[in-house]
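# Structural features, examined
Listed below, chain by chain, are the residues.
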Amino acid sequence: MKPAVYFAAIAALSLAFASPSADAHSKKEATEPADGAVLETSPPTISMRFDMPMRVTLISLTDQDGASHDVTRSDNMQPVSEFSAAPPALPAGQYKVEWRGLATDGHPMQGTFSFEISN
Ligand SMILES: [Cu+2]
């Protein structure tokens, strides 16, 4: 097949797999820190556990001012059941984690959770 036809076929196939909706997945993934957690110190890791392996395509950590903080991921961009990344030492504040990923069944997934560091 010509490349353009090939990619169109792949795109159609992806849509077909994506269409039955994401409800085969649990609505709420387990995260560390837990959503809404109030911590006394900067967390050593940020992690999400999934009900099927997920290739995390985007992870962002932002504070209450919208500044982003780079995290060091340990998944090598491969599908993982538990995604884990190390944040820098974070000062007190409110933080939001946003992620996007592609599950091994082809479903695009995304999530958000928040935590606070008090002091
Ligand atoms: Cu799925």
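Here goes a summary of the coordinates provided. (Residues numbered from 1 in each chain as written. Predicted model: local features only at pLDDT ≥ 70, side-chain atom pairs only at ≥ 80, totals over all residues. Heavy atoms only, no water.)

Glancing now at the side chain of His107. Within the secondary structure, His107 is located in the loop between strand E6 (93-103) and strand E7 (108-117). Side chain to side chain, His107 and Asp105 meet in a polar contact 3.0 Å long. (Helix = DSSP H or I, 4+ residues; strand = E, 2+ residues; numbered from the N terminus. Polar contact = N/O pair within 3.5 Å; in protein donor to acceptor, adjacent residues only side chain to side chain.)

Moving on: the pattern of salt bridges. Tallied over the entire structure, the rule returns two salt bridges. In this structure, Arg49 engages Glu82 in a salt bridge whose closest nitrogen and oxygen atoms are separated by 3.4 Å. Pair noted here: Arg49 is in strand E3 (residues 46-63) and Glu82 is in strand E5 (residues 80-86), with a separation of 33 residues, a long-range link. Under the relative-accessibility criterion, Arg49 is labelled partly exposed at 47%. A residue is classified by how much of its surface remains accessible, and Glu82, at 42% relative accessible area, is partly exposed. Across the pair Asp75 and Arg73 runs a salt bridge whose closest N-O atoms are separated by 2.7 Å. Using a relative accessible area of 27% as the deciding quantity, one classes Arg73 as partly exposed. (Salt bridge = Lys/Arg side-chain N within 4 Å of Asp/Glu carboxyl O. Buried < 20%, exposed > 50% of the residue type's maximum accessible area, 1.4 Å probe, protein only.)

Here we come to the pairing of E3. Across three bridges, strand E1 (residues 30-32) lies against E3 in antiparallel orientation. Along E3, the bridge assignment pairs Ala30 with Arg49. Sheet topology note: the E3/E5 ladder contains five bridges and is antiparallel. Its bridge partner lying in E5, Met48 is registered against Phe83. Here E3 runs beside E6; their pairing, made up of nine bridges, is antiparallel. If you follow Leu58 over to E6, its bridge partner there is Arg100. (Pairing = 2+ DSSP bridges.)

Enumeration according to the criterion identifies two aromatic pairs in this entry. Here the aromatic rings of Phe50 and Trp99 are separated by 5.0 Å at their centres, their planes lie at 65°, and the arrangement is edge-to-face. One end of the pair, Phe50, is in strand E3; the other, Trp99, is in strand E6, with 49 residues separating them in the sequence. One exposure class covers both Phe50 and Trp99, and it is buried. Arranged with centres 5.5 Å apart and planes meeting at 20°, the rings of Tyr95 and Phe115 form a pair that is stacked. Here Phe115 lies in strand E7 and Tyr95 lies in strand E6, a separation of 20 residues in the sequence. Neither Tyr95 nor Phe115 differs from the other in exposure class; each is buried. (Phe/Tyr/Trp six-rings, centres within 6.5 Å; stacked < 30°, edge-to-face > 60°.)

Don't take any of this as a statement about function, it's just geometry.
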